[in-house]
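Notes for the structure review
Spelled out from the first residue to the last, the chains are:
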Amino acid sequence: MNIDLDIARQRLTQRKEELVSLSDISSEARDTVALDQQSVGRLSRMDAMQQQAMAAATERSRNAELQRIAAAFARIDADEYGDCERCGEQIPDARLAIDPSVSTCIGCAK
Ligand SMILES: [Zn+2]
């Protein structure tokens, strides 16, 4: 294991903060859509509903990533961080730099 766990923690913390602040912004946007609905016509109401559905999908994928991040912190504590959970090989640092919460190597991710 030659992964720097301090760097891993930093990356995960940073990513988590990004996700949480994005989530705050989008929940404000969702509230705004709800208010606008009362004063707009049918067509833009459908637009607004579509936007809401998209925002909800984005929110779900953000929540999923937050869960992966929490799991990654648990793997750091268990001294398993950076090991592929399928084959046990070490995940290349370049991959972890892009997404610090991945739990499989590229070969197993397919
Ligand atoms: Zn693997």
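Anyway, here's the lowdown on the structure attached to this text. (Residues numbered from 1 in each chain as written. Predicted model: local features only at pLDDT ≥ 70, side-chain atom pairs only at ≥ 80, totals over all residues.)

Glancing now at the overall build of the protein chain. Scanning the protein chain from terminus to terminus reveals four helices and zero strands. Order of helices (α) and strands (β) in the protein chain, N terminus to C terminus: α-α-α-α. Counting all 110 residues of the protein chain, 9% fall into the buried class. A fraction of 59% describes how many contacts in the protein chain between residues 6 or more apart in sequence connect residues 24 or more apart. (Helix = DSSP H or I, 4+ residues; strand = E, 2+ residues; numbered from the N terminus. Buried ≥ 20, exposed ≤ 12 C-beta atoms within 10 Å, placed from the backbone. Contact = placed C-beta atoms within 7 Å.)

If you look at the biggest cluster of nonpolar residues, it comprises seven residues: Ala8, Leu12, Ala72, Tyr81, Ile91, Leu96 and Cys105. Sequence-distant contacts of leucine 12, that is, excluding residues within four places in its chain, are made with Ile69, Ala72, Phe73, Pro100 and Ser101. (Core = buried A, V, L, I, M, F, W, Y, C linked by C-beta atoms within 7 Å.)

In this model, aspartate 79 sits at a positive phi of 60 degrees, which is unusual for a non-glycine residue. In this structure, aspartate 79 sits in the loop between α2 (42-77) and α3 (93-98).

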